[in-house]
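What follows is each chain in one-letter form.
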Amino acid sequence: MTATLKVIFFDAAGTLFHLPRGVGYHYALVAGRMGLQLDATALDRAFAAVWREMPARPAIGAPRPDDDRGWWRDLVDRVFDRVARETAALDRDAFFEVAYDHFAEAGVWELFPEVYEVLEQLEPRYELGVISNFDGRLRMVLEQLGVSRFFRHLSISSEVGADKPDPFIFRRALDLSGYEPADALYVGDDPAKDWEGAAAVGMRVLRLRRPENSLRDLLSEL
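Treat the numbers as computed from the prediction; the structure is a model and nothing was measured.

Engineer: Explain the packing of aromatic side chains residue by residue, including any values.
Structural biologist: Using the criterion set out here, one finds 16 aromatic pairs in the structure. Their ring planes at 25° and their centres at 5.7 Å tell us that Phe 47 and Trp 51 sit as a pair that is stacked. Here Phe 47 pairs with Trp 51, and both are found in helix 2 (residues 40-53), just 4 residues apart, close to one helical turn. Taken together, a centroid distance of 5.1 Å and an interplanar angle of 90° make the contact between Trp 71 and Trp 72 edge-to-face.

Encoded structure:
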């Protein structure tokens, strides 16, 4: 693998960091600050169901004007329709604004235990980048987690205008790096969005399956 490898790209959420307490906990926390009493477990169930039914964001090949805020606003409305349908529109609007900012705050996301150590060992040897179906908040999250300095390239779906597994976002990341697919490795945890998407453009892939393996397995293969 090391013969031609020049650049390593990573997925973000689920690969580098995660929500240790889950979405429902944070939605309930934000709601409580606003005087709304919502059950974290019910919110978790509703979020999981709504996430599966949300329409795909269309690929436009250019930055989405609202950084995907409209898509997230629709998701929050659908969650409220399941757990608190009677909530007034103004309260929903206020909740969304606070919740959207909350998920970029320090202490919400957490690095997986080995991530910092692995990035520290990789950075002197390879260019590192991120390809993620996130939005502009990702920059703040990486900064809060203390790992933004490791990544020379960030390809964020809301800014690229295409979500994984669309080949466009992978090709844009390669163009940004200046390398060919044969020079690149992609590390991610999602079979369709990460593994199939990266392989389709010719990248090598490390299939992350926590807890069966971790990013330490990447070090052992290089």
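Engineer: Could you give an account of unusual backbone geometry, naming the residues involved and the relevant values?
Structural biologist: Of all residues except glycine, most have a negative phi; of all peptide bonds, most are trans. In this model, Lys 164 is joined to Pro 165 through a cis peptide bond whose omega is 10°. Structurally, Pro 165 is set in the loop between helix 7 (157-160) and helix 8 (167-177). Here Arg 210 and Pro 211 are connected by a cis peptide whose omega angle stands at 5°. With a phi close to 55°, Asp 67 is a non-glycine residue in the positive phi region. Looking at where Asp 67 falls in the secondary structure, it is placed in the loop between helix 2 and helix 3 (69-83). Exposure remark for Asp 67: the relative accessible area of 21% places this residue in the partly exposed category. Of note in the backbone geometry, Asp 68 takes a positive phi value of approximately 70° without being a glycine.

Engineer: Report on the packing of helix 3 against helix 4 (residues 89-102), specifying residues and quantitative values.
Structural biologist: Helix 4 packs onto helix 3 with a crossing angle of 125° between their chain directions and a minimal axis gap of 10 Å. With respect to their mutual orientation, helix 3 and helix 4 come out oblique. Like other packed secondary-structure pairs, helix 3 and helix 4 cross with a definite hand, here right-handed. Listed contacts from helix 4 to Arg 69, Trp 72, Arg 73, Val 76, Asp 77, Phe 80 and Asp 81 of helix 3 are Ala 89, Arg 92, Asp 93, Phe 95, Phe 96, Glu 97 and Tyr 100. Class assignment of the residues belonging to the contact of helix 3 with helix 4 gives a composition of 7 nonpolar, no polar and 7 charged.

Engineer: Now, about the sheet that holds strand 5 (residues 153-156): what can you tell me, with residues and values included?
Structural biologist: On the basis of which strands lie adjacent, the open sheet formed by 5 strands has the order 5-4-1-6-7 and parallel pairing. Of all the strands in the sheet, just strand 5 and strand 7 (204-207) have a single pairing partner and so form its edges. Strand after strand, the sheet turns through a mean of 20° between neighbouring axes, direction not considered. Here 4 bridges tie strand 1 (residues 7-10) to strand 6 (residues 184-188), and the two strands are oriented parallel to one another. Bridge pairing in strand 6 places Val 7 opposite Ala 184. Together, strand 1, strand 4 (127-132), strand 5 and strand 6 form the strand contacts of helix 8, whose direction differs from that of strand 5 by roughly 160°.

Engineer: Give a description of the pairing of strand 1 that names residues and reports values.
Structural biologist: Neither face of strand 1 is exposed, since Val 7 and Phe 9 on one face and Ile 8 and Phe 10 on the opposite face are all buried. Here strand 1 pairs with strand 4 via 4 bridges, running parallel. Across the sheet, Ile 8 pairs through a bridge with Leu 128, a residue of strand 4.

Scoring rules and cut-offs
- Sequence order as written defines the numbering, with residues in each chain counted from 1.
- The predicted origin of the model limits local features to residues at a pLDDT of at least 70 and limits the giving and counting of side-chain atom pairs to 80 or more, whereas totals for whole chains, interfaces and linings rest on all residues.
- Note that the side-chain values use all heavy atoms of the structure and ignore hydrogens as well as water.
- Each pair of aromatic rings taken from Phe, Tyr and Trp, with Trp reduced to its six-membered ring, is defined by centres within 6.5 Å and is described as stacked if the planes are under 30 degrees apart, edge-to-face if over 60, and tilted in the remaining cases.
- Secondary structure elements follow DSSP: runs of H or I of four or more residues count as helices, runs of E of two or more count as strands, with numbering from the N terminus.
- Note on classification: 1.4 Å probe, protein chains only; a residue is buried when its accessible area is under 20% of the maximum for its type, exposed when over 50%, partly exposed between these limits.
- Interaxial angles span 0 to 180 degrees and are taken between N-to-C directions of axes, which are lines fitted to C-alpha atoms, for helices over the stretch in contact.
- To sort the angles, those under 35 degrees are grouped as roughly parallel, those over 145 as roughly antiparallel, those from 65 to 115 as roughly perpendicular, and the leftovers as oblique.
- Helix crossings are classified by the rotation of the near helix relative to the far one: an anticlockwise turn of less than a right angle makes the crossing left-handed, while a clockwise turn makes it right-handed.
- Every residue pair with non-hydrogen atoms within 4.5 Å of one another is taken to be in contact.
- Ten residues, namely Ala, Val, Leu, Ile, Met, Phe, Trp, Tyr, Cys and Pro, are considered nonpolar, four, namely Asp, Glu, Lys and Arg, are considered charged, and the remaining ones, Gly among them, are considered polar.
- By this definition, two strands are paired if DSSP reports at least two bridges between them.

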